[in-house]
Protein chains: 6
Amino acid sequence: MRPSGRQPDQMRPITIETGFAHHAEGSALIRVGGTEVLCTASVENRVPPFLRGKGTGWVTAEYGMLPRATHTRGNREAAKGKQSGRTQEIQRLIGRSLRAVTDLDALGEMSITLDCDVLNADGGTRCASITGAWVALRLALGKLVATNVLPRLPLRGQVAAVSCGLTTEGAVLDLDYVEDSSASADTNFVLTADRRIVEIQGTAESAPFTEDAFDNLFALARKGVTELFEAQMAAVEAVEKKRI
Amino acid sequence: MRPSGRQPDQMRPITIETGFAHHAEGSALIRVGGTEVLCTASVENRVPPFLRGKGTGWVTAEYGMLPRATHTRGNREAAKGKQSGRTQEIQRLIGRSLRAVTDLDALGEMSITLDCDVLNADGGTRCASITGAWVALRLALGKLVATNVLPRLPLRGQVAAVSCGLTTEGAVLDLDYVEDSSASADTNFVLTADRRIVEIQGTAESAPFTEDAFDNLFALARKGVTELFEAQMAAVEAVEKKRI
Amino acid sequence: MRPSGRQPDQMRPITIETGFAHHAEGSALIRVGGTEVLCTASVENRVPPFLRGKGTGWVTAEYGMLPRATHTRGNREAAKGKQSGRTQEIQRLIGRSLRAVTDLDALGEMSITLDCDVLNADGGTRCASITGAWVALRLALGKLVATNVLPRLPLRGQVAAVSCGLTTEGAVLDLDYVEDSSASADTNFVLTADRRIVEIQGTAESAPFTEDAFDNLFALARKGVTELFEAQMAAVEAVEKKRI
Amino acid sequence: MRPSGRQPDQMRPITIETGFAHHAEGSALIRVGGTEVLCTASVENRVPPFLRGKGTGWVTAEYGMLPRATHTRGNREAAKGKQSGRTQEIQRLIGRSLRAVTDLDALGEMSITLDCDVLNADGGTRCASITGAWVALRLALGKLVATNVLPRLPLRGQVAAVSCGLTTEGAVLDLDYVEDSSASADTNFVLTADRRIVEIQGTAESAPFTEDAFDNLFALARKGVTELFEAQMAAVEAVEKKRI
Amino acid sequence: MRPSGRQPDQMRPITIETGFAHHAEGSALIRVGGTEVLCTASVENRVPPFLRGKGTGWVTAEYGMLPRATHTRGNREAAKGKQSGRTQEIQRLIGRSLRAVTDLDALGEMSITLDCDVLNADGGTRCASITGAWVALRLALGKLVATNVLPRLPLRGQVAAVSCGLTTEGAVLDLDYVEDSSASADTNFVLTADRRIVEIQGTAESAPFTEDAFDNLFALARKGVTELFEAQMAAVEAVEKKRI
Amino acid sequence: MRPSGRQPDQMRPITIETGFAHHAEGSALIRVGGTEVLCTASVENRVPPFLRGKGTGWVTAEYGMLPRATHTRGNREAAKGKQSGRTQEIQRLIGRSLRAVTDLDALGEMSITLDCDVLNADGGTRCASITGAWVALRLALGKLVATNVLPRLPLRGQVAAVSCGLTTEGAVLDLDYVEDSSASADTNFVLTADRRIVEIQGTAESAPFTEDAFDNLFALARKGVTELFEAQMAAVEAVEKKRI
């Protein structure tokens with residue numbers, strides 16, 4: 001049995017709370033079990049130097065973890081003076097994932113920065129970040145449409161992410177911290193609601209794994225994101241309804 | 001009238017939510033009006049090099065602000081590679097304030113780090129940090145007593161902080177962001193429940209001010225911290241009751 | 001047709017030159033078309049702090065690119081004062097890939113650092129780095145066995161990597177720089193000679209892609225690594241023969 | 001008795017030597033007992049980005065200590081690669097103190113940087129820096145008037161600073177290093193010649209103190225700055241006389 | 001006898017391979033005995049800020065060493081986050097040496113950066129870098145003339161460098177690593193083909209030396225660079241011939 | 001004529017004031033014309049890691065310049081977060097120069113750090129630093145002998161430095177800032193009182209120069225250091241006399 005008592009293909013409970021950040025154009029506090037990430041979308045009327053004057057927009061992400069989001073306190077990256085390789089890897093992944101479903105040309109010369117800050121960590125923080133960041137992005141874009149800054153949502157679809165892994169229980173969905181620490185393989189799937197692939201990261205932590213194992217993990221992920229897509233839409237619709 | 005409609009000597013609503021951080025030995029999410037700071041206390045069985053072997057403990061603090069805690073997004077200090085002078089000044093203040101009421105000898109060779117992370121900012125974040133950090137520290141110390149690590153609370157009293165300032169409305173208590181930006185003088189008082197002074201910081205933002213004005217600000221502060229001390233005790237007692 | 005005139009499933013010419021670095025315990029200058037990476041293995045009799053006294057070894061990697069390995073000169077990371085997120089991501093990948101086929105317990109308390117420095121870049125530098133680093137690692141370990149430091153090779157198998165992508169020509173194997181810049185999806189497969197998976201990284205650069213497309217890319221990769229495994233073994237055998 | 005044999009309300013000898021720095025628009029080498037700080041004022045015809053085009057000027061400060069200004073050599077901050085929190089706190093204080101008496105609008109789009117470098121330290125370096133920096137600033141502004149760059153001195157008055165503290169001798173004025181190290185409370189008062197307050201920093205080093213104690217410290221400070229204001233004026237007048 | 005068996009006035013074998021770097025406007029892989037440095041020249045159509053609009057060009061250099069170019073692995077400077085004092089000293093020397101023979105006015109508003117990266121080190125890397133960098137620079141300038149970007153070579157002559165030292169064998173030419181480590185004096189001479197001096201650096205490593213000793217070292221250097229000038233010209237002529 | 005009206009072989013006035021730094025084991029404020037450098041020697045009872053347990057000592061140097069030591073204010077290196085290449089080059093030179101005349105074995109496991117901080121700059125700061133640092137070192141060592149920490153002075157002799165250059169007036173001694181900025185060649189000679197060479201640095205700033213020119217510069221330097229040696233001895237003797 002899994003440490004949490006879950007079935008192999010069972011996600012942890014998901015909640016998405018919008019508006020937690022008072023000032024951001026869009027925000028989502030996503031909870032996937034004990035993992036909590038505050039995702040905010042900040043809109044700015046300028047683009048990075050390499051895009052200036054090209055009439056296209058930009059979506060980027062930054063990721064952080066509060067020092068005591070974890071079991072033992074980690075050093076504050078601001079105090080250490082640099083972001084770890086892990087942090088940079090994760091924030092690059094979040095940014096790519098959201099750009100893949102955004103119509104940057106339709107956005108025009110604006111930037112949207114997604115800040116994903118982990119308040120509590122229990123495994124799967126990068127996946128929760130992507131899933132929550134999509135909601136924050138969607139809400140910020142919705143506000144731009146509602147205020148007539150944009151004629152329509154510059155979004156090509158919905159994106160969410162989930163981790164799967166090989167543990168002593170076999171292939172399981174949505175690893176928590178205990179499972180993540182001991183899994184022999186760890187995979188992250190970033191998928192779209194129209195069943196396409198945005199990003200796949202599969203890593204043999206200790207021993208290389210077979211293609212069959214990989215196929216099983218993929219099937220679990222497809223099941224898992226379905227629940228995430230529903231939670232995303234419910235959160236967005238609740239906000240949009242209030243706006244009317 | 002004050003922008004918020006408050007009386008000159010009126011605090012904003014105060015709430016202190018404990019247990020928001022799942023893993024910390026003590027935590028308090030303090031809200032003073034629109035300012036929200038998550039304070040966590042992390043206990044470690046070691047002290048900094050300059051104290052090793054002296055049989056005494058250490059209490060220190062770190063301060064941070066989520067990039068979009070403010071009206072416009074600020075740069076992430078971890079990405080910039082250094083903490084601003086303002087950040088360092090604030091975290092040094094928080095640390096000193098809490099050490100002033102801690103019996104470091106009675107703590108023994110342990111360190112407690114208070115992390116104060118601003119989730120939403122609307123003025124007075126350093127004062128809210130000190131007030132919330134005392135609760136987190138008190139809870140962590142209470143747990144050390146409850147688990148027989150310490151024989152008694154190594155605390156000399158209760159400390160809280162509030163800002164006062166000179167605005168066009170005269171001397172006012174508990175500045176919010178709008179008032180803080182336009183005040184001609186800004187003062188922070190860190191006071192104890194037995195009516196002593198831990199730290200006073202008074203700054204003429206644009207024009208030097210008189211001693212009488214300073215006395216008025218001090219009187220307001222004394223009134224303000226009374227409410228904070230009550231909120232602190234209520235939060236601590238609610239946790240301690242549950243423990244029994 | 002592909003810009004290079006190659007067939008969709010055709011690798012670029014591969015050569016692996018050993019001994020280019022005079023001092024390293026193992027070295028391989030790998031050339032895959034116009035991409036050239038100097039891989040060196042450095043053996044040290046100590047392990048990082050987190051492994052001390054555990055009787056197990058460590059394999060890690062660092063990656064760099066000479067400033068003018070590319071069409072236009074890039075800034076030197078040593079002069080900028082930090083490694084880019086891309087660099088860190090790549091060197092973490094190389095390290096994980098080699099650890100996955102190394103028996104760290106059998107290595108004992110020694111570290112092997114694989115330095116992969118790109119002398120000339122034409123796409124696929126991270127894959128060439130992994131493939132070449134395995135040769136450098138294998139030669140260094142062979143030397144440890146030949147000098148009786150180790151009783152047997154602490155290696156579980158052979159690992160190599162290749163990139164595949166979706167271009168206007170469809171799914172193609174071993175992207176060069178021109179293809180890499182314009183591919184709509186880019187995937188890196190790190191695979192073992194016994195047909196297992198060490199790492200998969202698939203990224204939709206501009207548009208999410210289908211599972212079928214992913215399967216095609218995977219099949220190409222499997223074909224491509226077969227050639228790399230042969231080149232690796234030929235290089236290793238030539239050195240081992242000389243040793244006798 | 002105080003370690004130095006001084007009365008509780010007795011300042012150390014004060015001298016202010018102008019012109020020590022050959023190139024600065026204004027300079028003052030201030031000596032307060034064994035504390036020596038070289039203060040220079042540098043005028044530049046530009047303002048920081050946040051003030052450009054607003055027709056107003058800027059006054060800022062930087063603080064440093066020579067490595068062997070102290071009893072035991074401290075590390076050079078340039079070699080360590082960052083300024084300590086203490087250094088940043090002090091230079092922010094100096095800058096605020098001088099801006100509070102400067103008419104930045106009357107200064108126009110110019111910047112004046114006050115560099116305060118401690119050549120010898122024996123307590124009270126931040127206070128000596130403020131006091132000496134005012135002289136350097138005053139001389140630089142005087143030169144701008146004398147050369148018809150400005151029509152009149154853009155200064156609202158005179159500012160000086162002194163530290164007071166609670167020691168085993170009670171409340172004492174102008175702490176030297178020995179007293180500073182053992183005081184139970186340490187306060188810095190930045191005051192104007194027209195009896196106003198620019199900045200107050202009071203800190204309980206080990207034990208919170210009473211309001212009465214604070215009032216005593218304030219009264220000592222008021223007495224102390226009177227001597228500093230005289231020394232400042234004497235130094236300025238000696239220079240101005242020579243100019244005529 | 002010298003450790004390598006060479007005569008006191010004997011250089012190590014010299015080879016210069018051009019075109020090793022595929023993308024650079026000029027490149028030379030210089031080998032002096034076991035020391036190998038890849039030198040590339042990168043041409044850019046802009047100059048540093050301090051030269052903008054002055055109609056003159058710039059030549060600068062950067063120097064690096066692969067981590068395992070040496071007997072024991074050195075830390076990667078990009079990972080450490082800064083270039084050592086030694087690295088900076090060397091790259092400043094290379095830049096000055098090449099600027100001394102370049103007609104910067106005739107170059108016009110272009111920059112040429114010489115990257116000198118040591119692939120294998122056995123003493124004399126800074127001298128080999130200067131000698132090889134001249135070839136890379138010469139080839140890049142030749143290409144600018146061949147493509148009619150420049151009317152003529154903006155070069156005033158040929159520059160090369162060699163080290164000499166005082167060892168237990170007396171004054172010797174072209175120190176290798178073993179000699180360099182134990183020499184009592186180490187000198188680097190950067191000289192021109194028309195017998196002028198560009199740079200002299202003489203250092204007593206352990207004991208001050210006499211003027212006579214210095215004169216002997218200088219004479220050896222003059223002999224040594226003669227061979228280097230020939231190798232440089234041969235490499236350049238081979239390329240220029242091919243161009244026709 | 002030279003800008004200062006000096007003869008080609010004429011030094012600027014030299015004064016050396018000892019004891020300027022109150023706490024250092026030895027200190028010298030050296031003035032060579034308008035160049036003023038405060039040199040302090042700090043003795044510590046430990047050596048750098050690479051020397052531990054070898055029974056030998058260490059002498060090292062650090063160099064800095066106050067931001068407004070120059071005509072226009074330079075950025076503070078501590079604020080920039082790194083020492084420039086020029087600073088590192090100079091402090092390495094000072095350290096080597098003093099080690100060359102120190103008997104490190106006789107010093108035993110102690111370190112002496114020479115801090116050379118330029119208070120006012122008018123050319124020749126590195127040479128003044130070396131000359132002044134020798135006095136500070138000599139005084140610190142004298143104190144170690146006087147207090148019976150060492151049986152005798154671990155010094156092999158006296159070292160001083162001077163710059164010479166080729167200007168429109170020909171070869172001249174002891175360049176000031178105006179000459180230094182326009183010289184076509186700039187040389188620094190670090191010489192001993194027994195007529196030996198510690199370090200020679202000759203640089204063609206704009207045009208390579210002849211061996212004859214170099215010989216002339218060398219002859220001037222030999223003349224110049226004679227005066228410096230006298231000033232050094234006078235300063236040392238004045239202190240030693242007082243000690244008796």
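Residues numbered from 1 in each chain as written. Chains lettered and ligands numbered in written order. Predicted model: local features only at pLDDT ≥ 70, side-chain atom pairs only at ≥ 80, totals over all residues. Heavy atoms only, no water.

## Description of the interface of chain A and chain B
Listed by partner, the interface residues are 38 residues for chain A and 38 residues for chain B. Taking the shortest distance from any N to any O, the salt bridge between Glu62(B) and Arg73(A) comes out at 3.1 Å. Joining chain A to chain B, the criterion identifies 24 residue pairs in polar contact (both at pLDDT 80 or more). For the side of chain A that touches chain B, the elements supplying multiple residues, two or more each, are strand 3 (35-44), strand 4 (58-65), helix 1 (77-80) and strand 5 (111-120) of chain A. In terms of residue class, the side of chain A that touches chain B is made up of 15 nonpolar, 12 polar and 11 charged. (Contact = heavy atoms within 4.5 Å. Salt bridge = Lys/Arg side-chain N within 4 Å of Asp/Glu carboxyl O. Polar contact = N/O pair within 3.5 Å; in protein donor to acceptor, adjacent residues only side chain to side chain. Helix = DSSP H or I, 4+ residues; strand = E, 2+ residues; numbered from the N terminus. Nonpolar A, V, L, I, M, F, W, Y, C, P; charged D, E, K, R; others polar.)

## Section: the sheet that holds strand 1 (residues 14-18) of chain F
Residues and elements named next belong to chain F. Strand order across the open sheet formed by 5 strands is 1-2-3-5-4, with mixed pairing between neighbours. The sheet terminates laterally at strand 1 and strand 4 (58-65), the two strands that pair on one side only. Between one strand axis and the next, the sheet turns through 20° on average, direction left out of account. Bridge count for strand 2 (residues 26-32) against strand 3 (residues 35-44) is 7 bridges, and the pairing is antiparallel. Bridged to Ile-30 within strand 3 is Val-37. Across the face of the sheet, helix 2 (residues 85-99) comes into contact with strand 4 and strand 5 (111-120) while running at roughly 145° to strand 4. Across the face of the sheet, helix 4 (residues 125-146) comes into contact with strand 1, strand 2, strand 3, strand 4 and strand 5 while running at roughly 35° to strand 3. (Pairing = 2+ DSSP bridges. Axes fitted to C-alpha atoms, helices over the stretch in contact; angles between N-to-C directions.)

## Focus: the relation of the copies chain A and chain B
Note on the identical chains: chain A maps onto chain B by a rotation of 180° and an axial translation of 0.0 Å, with an RMSD of 0.0 Å. Put plainly, the chains are arranged around a two-fold axis. A share of 100% of interface residues in chain A that are also interface residues in chain B marks the association as one of identical surfaces. (Least-squares fit on C-alpha atoms with pLDDT ≥ 70 in both.)

## Some words on the UniProt feature "domain: Exoribonuclease phosphorolytic" (unreviewed entry) in chain A
Residues and elements named next belong to chain A. On the UniProt side, "domain: Exoribonuclease phosphorolytic" (unreviewed entry) is annotated at positions that read residues 10-140 and 158-224 here. Secondary structure across residues 10-140 comprises 30% helix and 31% strand; the distance between its end C-alpha atoms is 31 Å. When the span residues 158-224 is considered, its composition is 30% helix and 43% strand, and the gap between its end C-alpha atoms is 14 Å. (UniProt positions renumbered as here; feature names shortened; annotations may be inferred.)

## Considering the arrangement of the chains
With no contact between them, chain C and chain D keep their nearest C-alpha atoms 12 Å apart. Structurally, chain B and chain E remain out of contact, their C-alpha atoms never closer than 12 Å.

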